Structure formats: C-alpha cells, structure tokens
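# Commentary on secondary and tertiary structure
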Amino acid sequence: RLPEADLPLRAAREPVLPPIERVPMASQRPTGMDRFMGAGERVVELLSPPADATPEPVPVAPASGLAWQQRQEGAVGAVGETPLKRDLEALLRRHFRSSAEYKATPEHWARIAAAFAVWAGCLAGWVAGSLPATLALPFAQWLLFSPTVHEASHSTLSTAPWVNKAAAFCGLPFVYNPYIWWPQHLLSHHQYTNDYEHDVDCHHFAPALISDAMPRMASAESSFNEGWTFVWKGFLTTLGTSILQPLRTLREKPTPNYDVNVTPVPAAVSKRTLWLSVLPSLLVLLYPLLVWLPQAPLLGLWLLVWPWVGMSLIFTTMTQVSHVQQSCQPTQAQSGCWTARQIHASLDYSLGAATPMPEQQLVTALAAGLNAQSLHHAMPTLSCAHFPRMYAEYRQICERHGVTIRHSENVGTAVREMLEYVFENNRPVGGA
C-alpha cells in the first residue's frame, strides 16, 4: 500500500504566463472573424424592429398567490401538492418503472409510419391534381398529425429531444406552425385552461365568446349571434395557425380585435427561422394558384380551398370540443387544487364505463388522446398510447377524491353540446 501523499505540503509550481502586449484598438488590423461578426451584427440590425417599435416589457405578476398553489389541508411537500396529485403520481409509478416508459409504444410508432405513407400518397395525388387524393388529404394530414405533433409538443413521443422537435413539424403545411403553437399551447393553455385572462385559446374566435367570464366585445345593440363567428372562423382555423399568425409576428402587427399580438413566438426563434418555417404553408397555398388555376379553374379552386377548409373543420372540432363546454367553465368548478381544476376544465368522450375497450382504443387512436382530455391535462407528460389501459384506474382515483369528470357519450354528442353552449353564450343581449 502506497503512503498517502501530503498534498498541502507539496510546493506549487510558479505559473508561467506569456507576456501580454496591449495594442490600442485603433492600431489593430481587423481579422476575418472580425469582418464575419460585423456582417452578422448588421444582418441582425436589419431584421430587428426599430427601437421605438419595441413594446414595453409586460408586467408579470408573481404566481405564488394563485389559489391552486396555496397549501391545502393535509397536503405536504412542493407547491401545488395535493392528495389527488399524489395519487395520480402513484398511479404512474404502478404502471411504469421510469418516466422514459411514459413515451410512445412500438404500436404507436407503427401507426405513425402507416399514416406518413398515406399522407405522402395523398399529397402526391394533390400535386398531380387528383380529386380523390385531395378529398382524402385533410384526413390523412390529421392521421399523421394526431399521433405525432401533439405528442411531440409535450415531449411524450420520444426520450430524444431532437425527435420530438422534428415530429412537431408534421403539423406543416396544413395544420399549424410549431413555433406559434408552443407558447400558446404549453405556456398559456395548459397552465390556465379556460381562464380568459391567461388562456390564449379563449381568444382565437373573437369576438365570439367561448368562456363564461369573457367580457362581451359585440355592441349591446347588435342582434347578431357571434356564435356564427365561431362557426365561420372554424372553416379557416389552420390558415391562421399556419400562415396568418406567423406573418403577424414577422410584420409586428397586433391580433385583430386586440392591441397586441396574442400569439407570439419564443424569443429565441429568429425571424429568418420563422420565415423558413412558414415557407411550406405558403408553397401549398400558391401552388394551385400558379399551376392549376390558369389551366383548370374549378380544379385549381378545389385544390386551393378544400385542404385548408377540410383540415380546419377537423382541427377545430377535435381541439375545441373538449374545452368549449358549459360544464368546463371555471365558474362551474372552483377548487384549490390545480390538478382538479384542469380535470374540471376538460371534457372526455367515448370513455364511459359501458364503452367497449376496442371502441375506446380506436377513438383514442384517431383523436390522439384528445377524447381523454382530462387525463391528458392532469398528466400531460404521459403518451396517449397508454390512456385506454389506465383510464379506469384514473376515473376511480377522481371519484375517490370527489372530482367529477365531465363526459359525453361520443364525439357527435360532444360537438352538439359545444355548439349549443357557444350559441347560448353569444346570445344577443336583447335576446333576439
């Protein structure tokens, strides 16, 4: 055994530093790197807004005072810790050895591969001017989008961040731009669901009111029911999320009906990157106009309009039906538990106790788990591939804690209930 060294007594060597000759900046000759960096700074200056156009910083209120963050009776541990949250965490521990197992299953990836093949075939048919392929294209885009993009935005698709980011671009060209979607969906909607003061989703259909607490924007003398605004905007939703919202950021314009842009991109996303991400959507918008409309006007119009309208109708229905409901409004469920409030703000369908398991699995696959919206909002880090086998236990936990899951029989009844609520909530003041 070697004796232990007495390190504190060991003499340290004197540092040998090269002499530093300071040369005045005026006497220095610029290097290639200096010229390169200078050119980059000039590009940034050209792409940056003028100083007088930069908005004032938005004051941020501390989150520690929110009701759901207050310590509840019997709750211990981290902020927002409640018995319901602890039981849901225990549910995850019973089913998974680690958070890495929360991700998509091999069967889920097989569906993605099949959907990509169908979508690629429909897109090629659309380019060639095929009527059937164009008719099927929005549905094929949804089949690709639903198991990839929404999952990827929550990092539930893969343990590799680059895979999740790449999959997020499967929303292009006809669904949405991911740079626009991430802030409004993850930072706004999932933290403050149906709270019109913080959830930007409550404002996409303005002046239509899709929240009980929203102040009326239409004139008190108007006899027009703004529920129809919700309907007609639903035909063009993805044109906004793919093109109009990114262009609004690029042009530094406010959102219509508002003084500011309510759908900004992350600060780290440059204008050049945002422009590049919009190009696929602009390309499919211009292609029918330039190639098909001059030689076959009716076919060109079909190729231009249907992919956007079809995709918008599917997207609006599947995303709005689970929150735009009377029973999901914050006024219907005041709770000190944030997890309970998320569950109360969501509507599930095709997941009743009497619904056969094959039907639950099929609907969950086609809806990307949006039919189990309350489970998704309570446990957003869990892939929808696991929802059917866990839903019964999840429902029992909610019942044990007195949390009522909002539920509709199927997507048809859920859509009917959504439209009934929208038109009732937007009924003119005079009752006309």
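Since the model is a prediction, treat every value here as computed from it, not as a measurement.

### A few points about helix 8 (residues 237–250)
Its 14 residues give helix 8 an end-to-end C-alpha distance of 19 Å, which sits within 8% of 20 Å, the value for a rise of 1.5 Å per residue. By the largest-angle criterion, L244 marks the main kink of helix 8, which is about 35°, and a proline, P246, follows within four residues. Within helix 8, 11 of the 14 residues are buried, which leaves the element mostly enclosed by the surrounding structure. Every buried residue belonging to helix 8 is among T237, T238, G240, T241, S242, I243, Q245, P246, R248, T249 and L250, and all of these are buried. In the segment just after helix 8, E252 is the residue with positive phi, at about 55°.

### Considering the layout of surface pockets
There is about 480 Å³ of room inside the second largest pocket. Together, 24 residues line the second largest pocket, and H204, K233, G240, Q245 and R248 are the ones closest to its centre. Elements with a contribution of two residues or more to the lining of the second largest pocket: helix 7 (227–234), helix 8 and helix 10 (297–320). The biggest single contributor to the lining of the second largest pocket is helix 8, with 7 residues. Split by residue class, the lining of the second largest pocket holds 10 nonpolar, 11 polar and 3 charged.

### Let's talk about the environment of M418
By the element assignment, M418 lies in helix 15 (residues 411–425). Taking C-alpha positions, M418 is 9.5 Å from I210, a pair spaced 208 residues apart along the chain. Dropping the residues within four chain positions of it, M418 is found in contact with F230, Q320, V321, V324 and Q325.

### Description of the confidence of the model for the protein chain
Mean pLDDT over the protein chain: 84, with 80% of residues reaching 70 or higher. Confidence over residues 1–5 falls short of pLDDT 50; this stretch has 1 contact with residues more than four positions distant or in other chains. Taken together, the stretch residues 57–79 has pLDDT below 50 and engages in 23 contacts with residues farther than four places along the chain or on a different chain.

### Focus: helix 4 (residues 131–153)
Residues separated by three or four positions in an α-helix point in the same direction, a consequence of the helix having 3.6 residues per turn. With 23 residues, helix 4 should cover 33 Å at 1.5 Å per step; its first-to-last C-alpha distance of 32 Å lies within 8% of that length. Among the 23 residues in helix 4, 17 count as buried, and that is most of the element. Structurally, the start of helix 4 carries an N-cap: the backbone nitrogen of A133 is 3.3 Å from a side-chain oxygen of S130. Trailing helix 4 by a residue or two, S155 shows a phi angle of about 60°, which is positive.

### Focus on a nonpolar patch on the surface
Taken together, the side chains of W232, F235, L236 and L313 present a nonpolar region at the surface, about 360 Å² in accessible area. The residue L236 is located in the loop between helix 7 and helix 8 in this model.

### What about the nonpolar core?
Counting residues in hydrophobic clusters, the biggest one holds 41 residues, and the most contacted among them are W142 and F315. Contributions of two or more residues to this core are made by helix 3 (106–127), helix 4, helix 9 (271–292), helix 10, strand 1 (347–349), helix 12 (357–367) and helix 15. Looking at this core, the element that brings in the most residues is helix 10, giving 7 residues. Membership of the second largest hydrophobic core comes to 24 residues, among which are L84, Y102, M379 and C384.

### Notes on the packing of aromatic side chains
Tallied over the entire structure, the rule returns 17 aromatic pairs. Between W126 and F174 the ring centres are 6.1 Å apart and the planes differ by 85°, which places this aromatic pair in the edge-to-face class. You can see W126 sitting in helix 3 and its partner F174 sitting in the loop between helix 5 (161–168) and helix 6 (178–189), a full 48 residues away along the chain. We classify F174 as buried; its relative accessible area is 2%. When the ring of F174 is compared with that of W308, the centres are 5.1 Å apart and the planes differ by 70°; the resulting orientation is edge-to-face.

Criteria and thresholds
- Residues numbered from 1 in each chain as written.
- Predicted model: local features only at pLDDT ≥ 70, side-chain atom pairs only at ≥ 80, totals over all residues.
- Heavy atoms only, no water.
- Helix = DSSP H or I, 4+ residues; strand = E, 2+ residues; numbered from the N terminus.
- Expected span 1.5 Å × (residues − 1).
- Bend = angle between axes of the 7 residues up to and from the residue.
- Buried < 20%, exposed > 50% of the residue type's maximum accessible area, 1.4 Å probe, protein only.
- 1 Å grid on protein atoms, 1.4 Å probe; cavity = no way out; pocket = protein on both sides within 12 Å on 5 of 7 lines; lining within 4 Å.
- Points joined across faces, edges and corners; volume = space filled by probe spheres on them.
- Nonpolar A, V, L, I, M, F, W, Y, C, P; charged D, E, K, R; others polar.
- Contact = heavy atoms within 4.5 Å.
- pLDDT = per-residue confidence, 0-100.
- Polar contact = N/O pair within 3.5 Å; in protein donor to acceptor, adjacent residues only side chain to side chain.
- Patch = residues over 30% accessible without salt bridge, like charges linked within 9 Å, V, L, I, M, F, W, Y side chains within 5 Å.
- Areas by Shrake-Rupley, 256 points an atom, 1.4 Å probe, with all protein chains shown as cover.
- Salt bridge = Lys/Arg side-chain N within 4 Å of Asp/Glu carboxyl O.
- Core = buried A, V, L, I, M, F, W, Y, C linked by side-chain atoms within 4.5 Å.
- Phe/Tyr/Trp six-rings, centres within 6.5 Å; stacked < 30°, edge-to-face > 60°.

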